[in-house]
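A structural walkthrough
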Amino acid sequence: MKYLNISVPSWVIPGTYGENLAFLEDKEDIANIELLFFIYDDSVHKELAKDLKIIKKYRSRFTYTAHLPESLRPKHEDLIKTISPLVKHFVFHPANPDNPIQVDELSSLISAWQARY
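Reference entry: report on the structure contained in this document. (Residues numbered from 1 in each chain as written. Predicted model: local features only at pLDDT ≥ 70, side-chain atom pairs only at ≥ 80, totals over all residues. Heavy atoms only, no water.)

Bringing the packing of aromatic side chains into the picture now. Counted according to the given criterion, the structure contains 3 aromatic pairs. The interplanar angle of 80° and the centroid separation of 6.2 Å between the aromatic rings of F37 and Y40 together place this pair among those described as edge-to-face. Take F37 and Y40: they sit in the same class, and that class is buried. Judged by centre distance (6.1 Å) and plane angle (40°), the ring pair of Y58 and F62 falls under tilted. Like F62, Y58 is buried. One aromatic cluster is present, built from ring pairs that chain together Y17, F37 and Y40. The lysine or arginine in question, K27, covers the ring of F23, its NZ or CZ lying 4.0 Å from the ring centre. (Phe/Tyr/Trp six-rings, centres within 6.5 Å; stacked < 30°, edge-to-face > 60°. Buried < 20%, exposed > 50% of the residue type's maximum accessible area, 1.4 Å probe, protein only. Lys NZ or Arg CZ within 6 Å of the ring centre and 35° of its normal.)

See the structure below:
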């Protein structure tokens, strides 16, 4: 009887998302992969686009969560739109409570994305 569903990050070994998924595929206790997007720049965008078919292929093996960039911005909506059909949950860093403008902006951004996706 299985009691634990283990979740691991998408970067366990040096390599791409696809290489890490292939490495983790036979690790039976691992049920979820947290796709890491601490930053989302052109290089990460290209890597995700290149590996998106592979990530989708493993949906029958793993569930996914996504760790969003540390400083979310409206430009990250492309990432949300791309991965929202794949992931069960999004993890994001809360805004700095000492900066009410940042809190309001992040709250508005998350609410808008939640309504759309």
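A few words on the side chain of H67. Its place among the elements puts H67 in strand 3 (residues 63-67). Not counting chain neighbours up to four residues away, the residues in contact with H67 comprise E34, L35, L36, F37, F38, V91 and H93. (Helix = DSSP H or I, 4+ residues; strand = E, 2+ residues; numbered from the N terminus. Contact = heavy atoms within 4.5 Å.)

Right, let's talk about the nonpolar core for a bit. Counting 28 residues, the largest nonpolar core has I33, L35, F37, L48, I55, F62 and Y64 as the members making the most contacts within it. When contributions to this core are tallied by element, the ones reaching two or more residues are helix 1 (17-24), strand 2 (30-36), helix 2 (42-57), strand 3, helix 3 (77-83) and helix 4 (100-116). At 4 residues, helix 2 tops the list of elements feeding residues into this core. In this structure, L35 is in contact with S10, Y17, I55, Y64, T65, A66, H67 and V87, ignoring residues within four places of it in sequence. (Core = buried A, V, L, I, M, F, W, Y, C linked by side-chain atoms within 4.5 Å.)

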